Amino acid sequence: MSGAHPIPRRALRADLLDFTGDPGLGAPGLGMVRHRPDHWLLIEHGRIAAVQPGARPPGPDWLCEDHRGQLLTPGLIDTHVHSVQLDVIASYGSELLDWLERYTFPAEARHADAAHAREQAETFADALLAHGTTSAVVFPSVHATSVDALFGAAQRRGMRLITGKVLMDRHAPEGLRDDVSQAQAQCQALIARWHGTDRLAYAVTPRFAATSTPEQLAMAGALLQLHAGVYMQTHVAESRAEVAWIARLFPEARSYLDVYHRAGLLNERAVLAHGIWLDDADRKLLADTGAQVAHSPSSNLFLGSGLFDWQAMVDARAEVSLASDVGGGTSLSMLRTMADAYRVQALRGVRLSAFKALHSATLGAARALKLEHEIGSLEPGRIADVTLWDWAAGSVARSRDALARDLHERLFAWMMLADERNLVTTLVAGRTQYKRRGNDAGALES
Ligand SMILES: [Zn+2]
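Counting from 1, residues in each chain are numbered in the order their sequence is written. Since the coordinates come from a predicted model, pLDDT governs what is reported: local features require at least 70, and pairs of side-chain atoms require 80 or more to be given and counted, while whole-chain, interface and lining totals use all residues. To get the side-chain values, take all heavy atoms of the structure and skip hydrogens and water.

A.B. asks: Pulling in residues and values, what's your account of helix α11 (residues 334-347)?
C.D. replies: Under the scheme used here, helices are H or I runs from DSSP no shorter than 4 residues and strands are E runs no shorter than 2 residues, and both carry numbers assigned from the N terminus. Helix span, expected: 1.5 Å multiplied by one less than the number of residues in the helix. With 14 residues, α11 ought to run about 20 Å at 1.5 Å a step, and its terminal C-alpha atoms sit 20 Å apart, in line with that. Here the term buried applies to any residue with accessible area under 20% of the maximum for its type, exposed to any over 50%, and partly exposed to those in between, with areas from a 1.4 Å probe on protein chains only. The buried count for α11 comes to ten of 14 residues, which makes it a mostly enclosed element. Those residues of α11 that fall on the buried side of the exposure criterion are M334, L335, T337, M338, A339, D340, A341, Y342, V344 and Q345. One side-chain oxygen at the N-terminal end of α11 lies 3.1 Å from the backbone nitrogen of L335; it belongs to S333. Positive backbone phi, approximately 80°, marks G349, located one or two places after α11. Counting of polar contacts relies on pairs of N or O atoms within 3.5 Å, with two restrictions inside protein: one atom must be capable of donating a hydrogen and the other of accepting it, and residues adjacent in sequence are counted only when both atoms are side-chain atoms.

A.B. asks: Kindly report on the environment of H45, identifying the contributing residues and their values.
C.D. replies: Along the polypeptide, H45 turns up in the loop between β2 (33-44) and β3 (47-53). When the C-alpha atoms of H45 and G75 are compared, they prove to be 17 Å apart, with 30 residues separating the residues in sequence.

A.B. asks: I'd love a proper account of the packing of helix α2 (residues 114-130) against helix α3 (residues 144-157), names of residues and values included.
C.D. replies: Look at α2 against α3: their axes get within 8 Å of each other, and the N-to-C directions meet at 40°. Judged by the angle between their axes, α2 and α3 are oblique. Between α2 and α3 lies a crossing whose hand is right-handed. Packed against α2, whose contacting residues are A114, A117, R118, A121, E122, F124, A125, D126 and L129, the element α3 presents T145, S146, A149, L150, A153, R156 and R157 at the interface. Here the contact of α2 with α3 is built from residues that sort into nine nonpolar, two polar and five charged. Axis geometry follows a simple rule: fit a line to the C-alpha atoms, using only the stretch in contact for helices, then measure angles between N-to-C directions, giving values from 0 to 180 degrees. Each angle receives one of four descriptions, namely roughly parallel if under 35 degrees, roughly antiparallel if over 145, roughly perpendicular if within 65 to 115, and oblique otherwise. Note: crossing handedness is left-handed where the near helix turns anticlockwise from the far helix by less than a right angle, and right-handed where it turns clockwise. We call two residues in contact when some of their heavy atoms are within 4.5 Å. In this classification, Asp, Glu, Lys and Arg are treated as charged, Ala, Val, Leu, Ile, Met, Phe, Trp, Tyr, Cys and Pro as nonpolar, and every other residue, Gly included, as polar.

A.B. asks: Please provide a residue-by-residue account of the packing of aromatic side chains, values included.
C.D. replies: Aromatic pairing here means that ring centres of Phe, Tyr or Trp (its six-membered ring) are within 6.5 Å. Orientation follows from the plane angle: under 30 degrees is stacked, over 60 is edge-to-face, and everything else is tilted. According to the stated counting rule, one finds six aromatic pairs in the structure shown. Aromatic pair Y342 and F412: ring centres 4.8 Å apart, planes at 65°, arrangement edge-to-face. With Y342 in helix α11 and F412 in helix α15 (residues 407-417), this pair connects stretches of sequence that are 70 residues apart. Here the guanidinium or amino end of R269 rests over the ring plane of Y231, the centre of that ring lying 5.6 Å away. A cation over a ring is seen here: R410 above W391, with NZ or CZ 4.1 Å from the ring centre. A ring is considered to have a charge above it if a Lys NZ or an Arg CZ atom is located within 6 Å of its centre and within 35 degrees of its normal.

No statement about biological role is implied by the geometric values presented.
Structure (structure tokens):
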């Protein structure tokens, strides 16, 4: 971030699409959709400066890039992903608790090695950007080295990233367990080092209720009390076996979610992955505390965890964002995630529009994270985290795109058929952080 190389004034001409509010579940309506085909997006000092029609180019002191016919959206936001699980993505034959033992814990144990942690963090950050994800809420491992590595990788790329050391002081193998006082000291040091630096924020990160003692959960709650603005991330009610286990471990709690509530962990900066096996009282508690569920459909389908009841969350006025949950999820692509979310809702008899899905990975997630002043839309003043996409790649998608009768039909086909190969460029704070090499569409031609 040195001042030696001033960021030029940059203008991109494309089909601009973002949201001014929540389009809602159900039939696609254009109410909250802001579609500006063939417009210029003007970027100055890393922020969005203005939007104007394609016929009115900015002056000669702007670096103009013509992407007519391509789709420009806000950078995508992934609210739950494990940087240390890239190695176990697509591992066969397990449900949650067995999957943790067999695949995840051994992969995470390797992050005790600082060199390995750094290398994996760099790979992970680049992979996010190559999938169009510019902001993420991330689980690293229990090791402070993995947190330093991840924050460092995000900082070098100028990314908005929220993460924190995983807390686990029981029911985890040797080498992945901490204890209350050691964990507390490490969290304090990491918060002091990283929270509020550039675009980085700390998240107090108990893995889930089973892997933290009540004392460690209480310590986590105390950290949140002590440090305003710090986030909280964890997992809740992902699989039925897990829910039954939590009920045995915490017989005094009304529900799984209530374990976190009792420890003081639910607030408007709390991000809880999954939330499949919740009841109405839980959803009301989420709404009352402002905590959000990071819905992870790819992971839920892959591990066979269950079908998330999005409509019940809407009815309770509780916040929902979208998440890849790699390595339980099988792709870092938020487009694949949106397509899987559509399938999950279809199995529940609910239709998820492409508008609602994309909103949930942009403005909706930004609002749920209390970051809408910075990310999630193409509003002037927001940081210029932007992705540019081909509407279609390959002959099948192209002919489908050509036949689309309206914006929703077109966007829905994009959501279902596109992936990271459609991604042309990713900008973070106005700087190109990913650029596709060569002519990609060729790679998809048979
Ligand atoms: Zn997870």
